[in-house]
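Remarks on the overall topology
Here is what each chain is made of, one letter per residue.
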Amino acid sequence: MRQKSRKLTPNMKKLIQSIGLFSMAILLLTACSNKRSSKPTILVFSKTAAFHHDAIPTGVKALQDLGAKNGFDVDTTTSAAYFQEDSLKKYAAIVFLQTTGDILSGNEEIALERYIQSGGGFVGIHAASDAEYDWRWYGKMVGAYFESHPAQQDAKLVVTDATHPSTKALPKEWVRKDEWYNFKNISSDIKVLLNIDESSYEGGKNGKNHPMAWFHEFDGGRVFYTELGHTIESYADPLYLGHILGGIQYAMGDNTGNYNKAHSVFAPEEKGFTKTDLVTGTFFEPTELTVLPNLDILVAQRRGEIYYYNNESKKIKQAGFLNVYYKTEAPGVNAEEGLLGMQADPDFAKNHHVFIFYSPADKSVNRLSRFTFENDTIVNSSEKVVLEFYSQRDICCHTGGSIAFGPGKTLFVSTGDNTTPFDEPNQKYASHGYAPLDDRPGHLQYDEQRGSGNTNDLRGKVLRIKVKEDGTYEIPDGNLFPKGTPNTRPEIYTMGHRNPYRISVDQKNGYLYWGEVGPDAPNDSLDIRGPQGYDEVNQAKKPGNFGWPYFIGNNYAYHMYDYATGKTGPTQDPKKPINNSRNNTGLKELPPAQPAFIYYPYGIGTDFPSMGSGSRTAMAGPVYYSDLYPAATRYPSYYDGKFFLYEWMRGYIKAVTMDGKGDFVRMEPFMGSHRWNGAIDIELGPDGRFYVLEYGKGWFSKNEDAGLSRIDYKK
């Protein structure tokens, strides 16, 4: 039956308004407090990307039983996709149970950071310290990273704080069997609960103060970590169960969270970025691009052609050609030389100058020259040779060749080591993918010390000069060797490079970045030859020696080696490397070797596991600052100050976050679902967008998947 409408009196209206205001106030108070349910719930996360512990199922069951007996619920997952803010908000604590490797990525990491910053609790059990090595926030939160462990054995633990819930029921000295970790990067902020007595077992490496369990407040949250718990038997031990229960209770705290205190920022959604193809199916071995002020683009090809893309007409044509050496006559050898790098002058709009690094066909040198681009053409007669240096030919490999400008129009150019990585035929002893250090007469191309380790040679370097109006150059202050230093070249900014193939310069602070294509040894030979091969992504805040051919990665040292007898020699001291090669024309005592910024082998690396595995070719892209570009086309300010690296072979781009000192913090995928076809150059246009040049997947050939594209962003 249809009801008649009833007219509201003024008093009834006031009552309804009061009820509405009261209800709204209740909702606002609830939203601000973020009070979780009266019965707390914890999340047990046990994903592994490296070693998988057999004790995980037993540990999960033990934690569920602890919850049932002690008044909290337990949810479990192995899915990283669960790490979203809406999911994590309800938990009083999150337990990482035996997690290993690179288990979270991108915004999943940010979700955990924001959870802790809101007042959340974290519990790490055993292998939780063996995870997320390239996420420095995580390492500081946990309190240390795993480094190594001896065989399982009995050892004595000493309680250093008996007032904490996790230790108050433990004996002062506790003897038990477990797997005992040695740690690295131990935080000075942790409050130690248990120390291990290294005299009670074999294999301890942290010394007298060797923590095994600790707690601390970190970034707004509460953190408890215990190294104990490798064995299945641990989860039936009442003392151990009481230990982790106390840690959970500490981490849960008062079971509240306030996301108003969270300050980490989520990355923009990937769907906002799109790849816009500009040129496809045209290029034959493209090498480097440069974007002109009007968004026209020049593209260099290794075999000498220069292409011009007109942004207005969307058409491409050949704009120039240089006669370059790009093919050797030596049997079984591929040359990598040719037209290697190109960059427009920062004042191109006024002077139309373009700098090109190439290998002229008629002279055994690599050369940096300045040309004029007029009427859609590179004018060959305008060439001003800026600098050149000898390069041995009919060998392979490593050319460098990338050009970048820094603040104040300083010009940086990278040079390869010009040394073959391959074994010399018909020799009993050879390099086998380790550092080539053969200085015997007649073996020049197998001695890396003549180039990248030589302070008086421009090979294996990044050079820094300032080009004058007449095409000559001067040496800016602040290079590696002061002008006039005997047996050195003043152009050298950094040395100790194998193949710094693509470089970039931070336009605000002048830091130099480059990708270092590393050696090929597939395995460590630490007692005989040295470390396995690593690629590096490097940063130079100031000039320096970056170690090759004596060091790679985190200053891992190669053995000196006698190629006549096969006798292994000593390794070098990174603080004072010595170049005693008979082919060295520079200083014998070299500047101290600097460790790499990021480094990774063929397999999944220990320190930077998110770089993945497979073939490697490291590349350095730009550092981004949104305030340098127009609002209509620039990327979100989230990327301000982030450095972009990319991997030619592995097909990805990553954004690297750094702290105020420029030190590494974390890295994350950029357009992570997209795989690139041999990205060989990424340049920032004056519109604040990335322009990507793809070489394609085939070597020394015209590839249908080679192309030029632009990455657009739409909110």
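To start, this report covers the structure provided alongside it.

Thresholds applied
Residues numbered from 1 in each chain as written. Predicted model: local features only at pLDDT ≥ 70, side-chain atom pairs only at ≥ 80, totals over all residues. Heavy atoms only, no water. Phe/Tyr/Trp six-rings, centres within 6.5 Å; stacked < 30°, edge-to-face > 60°. Helix = DSSP H or I, 4+ residues; strand = E, 2+ residues; numbered from the N terminus. Buried < 20%, exposed > 50% of the residue type's maximum accessible area, 1.4 Å probe, protein only. Lys NZ or Arg CZ within 6 Å of the ring centre and 35° of its normal. Pairing = 2+ DSSP bridges. Core = buried A, V, L, I, M, F, W, Y, C linked by side-chain atoms within 4.5 Å. Contact = heavy atoms within 4.5 Å.

Let's talk about the packing of aromatic side chains
Counting across every chain of the model gives 55 aromatic pairs. With centroids separated by 5.4 Å and ring planes inclined at 75°, the aromatic side chains of phenylalanine 183 and tryptophan 214 adopt a geometry described as edge-to-face. With phenylalanine 183 in strand 10 (residues 182-184) and tryptophan 214 in strand 12 (residues 211-218), this pair connects stretches of sequence that are 31 residues apart. On the numbers, 4.8 Å between centres and 90° between planes, the contact of tryptophan 514 with phenylalanine 546 is edge-to-face. Pair noted here: tryptophan 514 is in strand 29 (residues 512-516) and phenylalanine 546 is in the loop between strand 31 (544-545) and strand 32 (551-552), with a separation of 32 residues, a long-range link. As far as burial versus exposure is concerned, tryptophan 514 and phenylalanine 546 are alike and both buried. Put simply, the rings of Phe273, Tyr624, Tyr629, Tyr635, Tyr638, Tyr639, Phe644, Phe670, Phe690 and Tyr713 touch in pairs and so form one group of aromatic residues. Residue placement shows lysine 89 over the ring face of tyrosine 259; its charged tip is 5.2 Å from the ring centre. Of note, arginine 502 hangs over the ring of tyrosine 501, and the distance from its end group to the ring centre comes to 4.2 Å.

A few points about the pairing of strand 38 (residues 643-647)
Counting buried residues along strand 38, five of its five residues qualify, which places the element largely inside the surrounding structure. Neither face of strand 38 is open: one carries Phe643, Leu645 and Glu647, the other Phe644 and Tyr646, and all of them are buried. When strand 37 (residues 618-623) meets strand 38, the two strands line up antiparallel, connected through four bridges. Residue pairing across strands places methionine 619 opposite tyrosine 646, the latter belonging to strand 38.

Some details on the nonpolar core
One finds Phe96, Leu112, Tyr138 and Met141 to be the most contacted residues of the largest nonpolar core, which totals 76 residues. Top element by residues in this core is helix 6 (residues 238-252). It accounts for eight residues. Not counting chain neighbours up to four residues away, the residues in contact with tyrosine 138 comprise Phe96, Thr99, Phe122, Ala128, Ala131, Glu132 and Tyr145. If you look at the next biggest cluster of nonpolar residues, it comprises 55 residues, including Leu340, Phe389, Phe405 and Tyr563.

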